[in-house]
Amino acid sequence: GAIDTPMLQESVAAYKLDMAQVTSQMSLAGRTGRPDEIAKAALWLCSDDASFTYGHALAVDGGYLAR
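Residues numbered from 1 in each chain as written. Predicted model: local features only at pLDDT ≥ 70, side-chain atom pairs only at ≥ 80, totals over all residues. Heavy atoms only, no water.

Visitor: Would you take a moment to explain the environment of Ala 39 for this structure?
Guide: Note that Ala 39 resides in helix H3 (residues 35-46). For the pair Ala 39 and Val 60, spaced 21 residues apart in sequence, the C-alpha to C-alpha distance is 10.0 Å. (Helix = DSSP H or I, 4+ residues; strand = E, 2+ residues; numbered from the N terminus.)

Visitor: Is there a simple way to explain the environment of Leu 8 in this structure?
Guide: Within the secondary structure, Leu 8 is located in helix H1 (residues 6-14). Sequence separation between Leu 8 and Ala 41 is 33 residues, and the spatial gap between their C-alpha atoms is 20 Å.

Visitor: What is the right way to look at the environment of Leu 45 in this model?
Guide: Here Leu 45 is to be found in helix H3. Classification of Leu 45 as partly exposed rests on a relative accessible area of 42%. It is 8.9 Å that separates the C-alpha atoms of Leu 45 and Leu 58, two residues lying 13 residues apart in sequence. Residues in contact with Leu 45, not counting those within four places in the same chain, are Ala 50, Thr 53 and Leu 58. (Buried < 20%, exposed > 50% of the residue type's maximum accessible area, 1.4 Å probe, protein only. Contact = heavy atoms within 4.5 Å.)

Visitor: Looking at this structure, I do not really get unusual backbone geometry. What am I missing?
Guide: Working note: non-glycine residues mostly have negative phi, and peptide bonds are mostly trans. The backbone phi angle of Lys 16 is positive, close to 55°, even though this residue is not glycine. Here Lys 16 shows up in the loop between H1 and helix H2 (19-26).

Here is the structure:
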């Protein structure tokens, strides 16, 4: 999914893309993700709350893979 980072912003500018169009193509949530949302998912995977989670690819992508 599209995460609102300087890298994404620079890529959008470099290719003269429209951020709204990129967002609509990359996210069912209708917005870009935030870096803290990725961090929270990573921290959950490292926590005791995920102690019974094995062999799962956690997609934190705003629905990109669900398209």
